[in-house]
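# Close look at the chain arrangement
In case you want the letters, here they are:
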Amino acid sequence: MGLPRISRVFGAINIGSFRISAMILGQSESGELIVLGSGHRASQGVRRGYIVDMAAATYAVRDVVERAEKAAGTGIASVWVGCSGAGLANQVSQVEVPIGGRRIEEEDIQHLLVAARETIQPDGKMVLHAQPAQYTLDGAHGASDPVGLHAERLGVDIHVMLADGAPVKNLRDAVESAHLSVEAVVAAPIACAEACLSPEERELGTALVEIGAELTNVSIFQNGMLRALHAIPIGSGDITDAIAGDFGIRRFQAERLKCVFGSAIASPSDHREMVPLAQQAEGAPEVDRVSRAELVSVVTGQLSRLTDEINRVFKAHETGGARSSQVVLTGGGAELAGIAEFAQGALGRPVRIGKPSQLRGLPDAHATPGFTTLAGLCLYAARDPVDIRSIPDTSQTMVTYSGLGLIKRVLAASREYF
C-alpha cells in the first residue's frame, strides 16, 4: 500500500552526547502522521548536552540530516531542535482577570494571555516557550476551553520553559551552519512527554526520567503540566566509564560489554557465566574473561548512584508540592536490561519503560527509548503549539479574522497541552 498524499513535512534533530539523530515526518491531507525517513550517527563536538566543538557538531548535524533525507527521498530546509542541557528550568506563571459574571468571549482569552506575558520572569535566562497549560474559573482548575462559560474571574496557568542563552545559541549556530533554519529549540523533557506520556499520566502525576549518555533529566508532571525539572550530571556513559576503568579496557569495548552482557538485575548463574572483555574473532586465541557477576556489580553500583540522586530530587520536589505516583524511564540508558525492575526497587514506586508512540513508518531500530525525544520533537512540531508571546495585543491592534483564528489555535493548544 502506497503512502497517502503528504501535505506538510516536518524535520527534527536531537543533538545528544552519545548520538545525533534526525527524523523527517510527513502529515497527510487526512492528518495522519507518517515517518518518511530517519537516521542517526555517533555524536561529535557535544559534552553533557553542550556544544564544545562547533565544526565537529556542524559536520555531524549535516551528515545525519543527509542520512534522513536519503531515507525519506525528500529534503528539508528547517528543523525543530531538541535541547537536553543548557541549564533548563521551568516556571509556572499564573494570572487572573475580572470577568464580572458574564459569558466569556474569545476576546477575553486574548486579553488574559496578553496580560500573562507581563508575568514572565526569565531571571536572565532565555525563554524557549510560554504556553497556556490550563484555565481557571473563579479559582477552580481544569477548564480547557472556557469560551461560552460564565465566571467572576478568569485565570490561566502559563508554562514557561527557560534555558541559558549562550548554549542555546550554540545549538542554533551548529544547525544553521549546516545550512538549515531552526523553527524552534524545544526542551527534551517536553518532547519526551509528547512521545511517551498519556494525558492521564500527566494528570495523575508522573516522573519522566530521561537517562542520556552524560545527563539525566527528571521531569515531574502533575495536573496535566510540567511542574518540576531537575538535571543530574550522571548518565549511562558513566556506567561505560566504570566498566572500562574497573576492567582495564577501552571505552568502545566497555560499551559493547554493557549492551550485550550487562544487566541491572543479578541472577544465580552470574557467578558461573564468564564473559569476554573484548569481542573475539572466530579462530582467535582466548581473551581475558570476567564473571558476569562482576560486570553486573559494576553496573548496579553506578545505577545506585543515579537512583540515589533521583530520590533526592523526588524528596525535594515533593516538599514543594510536586508529586509523582509512577516513574517512566526513557532515553538510551533505559535500554539496559533489567533497569525497570532495579529502579522500581530503588525508588519505591511503579516504573515502566517509555518508548516512542506508534507512528506509521517508524523503523524498529528507532522505536526504542533512545529515540523518544526525536519522535517527540516531530509530534510537537506537528501540533505546533502557539506561544503567548506571538499573540497580538488588541488594546493596540484591531482584531482581524486571522487574529481570532490564532486564538482558536491557542485554545486548541491548551486542550492538548500535557
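In what follows, the structure referred to is the one given above.
The model shown is predicted, which means the values in this text are computed figures rather than measured ones.

Attention shifts here to the sheet that holds strand β6 (residues 78-83). The sheet built from five strands is open, its strands ordered β3-β2-β1-β6-β11 with mixed pairing. The open sheet is flanked by β3 (33-42) and β11 (181-187), the only strands paired with a single partner. Within this sheet the neighbouring strands show an average axis-to-axis angle of 20 degrees, counted without direction. In the packing of helix α3 (residues 165-176) onto the sheet, the strands contacted are β1 (6-15), β6 and β11, and the crossing angle to β11 comes to about 140 degrees. Sitting on the sheet, helix α10 (residues 372-383) touches β1, β2 (19-28), β3, β6 and β11, and the angle it makes with β1 is about 140 degrees.

Secondary-structure assignment places Lys258 in helix α7 (residues 251-261). Here Ser236 takes part through its backbone oxygen, which lies 3.3 Å from a polar atom of the side chain of Lys258. Those residues within four positions of Lys258 in sequence are excluded, and the remaining contacts are Ser236, Ile239, Thr240, Ile243 and Leu336.

With that out of the way, let us pick up empty space enclosed by the protein. Within this structure, the stated rule accounts for one cavity of 30 Å³ or more. The volume enclosed by the largest cavity comes to roughly 40 Å³. Around the largest cavity, the lining residues are Ile211, Leu303, Leu306, Thr307, Ile310, Leu329, Ile339, Ala343 and Leu347. Of all the elements in the fold, those that place two or more residues in the lining of the largest cavity are α8 (292-319) and α9 (339-347). A breakdown of the residues in the lining of the largest cavity according to their chemical character gives eight nonpolar, one polar and no charged.

Locating His159 in the fold gives a position in strand β10 (residues 153-163). Taking the relative accessible area as the measure of exposure, His159 reaches 0% and is therefore buried. A polar atom in the side chain of His159 sits 3.1 Å from the side chain of His129.

This brings us to the pattern of salt bridges. Tallying each qualifying case throughout the model produces 17 salt bridges. The shortest N-O distance in the salt bridge between Arg62 and Glu69 comes to 3.2 Å. We classify Glu69 as buried; its relative accessible area is 16%. By sharing partners, the salt bridges in this structure join Arg41, Asp63 and Arg67 into a single network.

With that settled, the discussion passes to the pairing of β6. Remark: a regular strand shows side chains that alternate across the two faces of the sheet. Among the six residues that make up β6, six are buried, leaving the element largely enclosed by the rest of the structure. What you see with β6 is no split at all: Ser78, Trp80 and Gly82 on one side and Val79, Val81 and Cys83 on the other are buried throughout. For β1 and β6, the ladder comprises three bridges, and the chain directions are parallel. For Asn14, the partnering residue across the bridge sits in β6 and is Gly82. Across six bridges, the pairing between β6 and β11 is parallel. Bridged to Trp80 within β11 is Ala184.

Calculation criteria
Residues numbered from 1 in each chain as written. Predicted model: local features only at pLDDT ≥ 70, side-chain atom pairs only at ≥ 80, totals over all residues. Heavy atoms only, no water. Pairing = 2+ DSSP bridges. Helix = DSSP H or I, 4+ residues; strand = E, 2+ residues; numbered from the N terminus. Axes fitted to C-alpha atoms, helices over the stretch in contact; angles between N-to-C directions. Contact = heavy atoms within 4.5 Å. Polar contact = N/O pair within 3.5 Å; in protein donor to acceptor, adjacent residues only side chain to side chain. 1 Å grid on protein atoms, 1.4 Å probe; cavity = no way out; pocket = protein on both sides within 12 Å on 5 of 7 lines; lining within 4 Å. Points joined across faces, edges and corners; volume = space filled by probe spheres on them. Nonpolar A, V, L, I, M, F, W, Y, C, P; charged D, E, K, R; others polar. Buried < 20%, exposed > 50% of the residue type's maximum accessible area, 1.4 Å probe, protein only. Salt bridge = Lys/Arg side-chain N within 4 Å of Asp/Glu carboxyl O.

These figures come from the coordinates and say nothing about function on their own.
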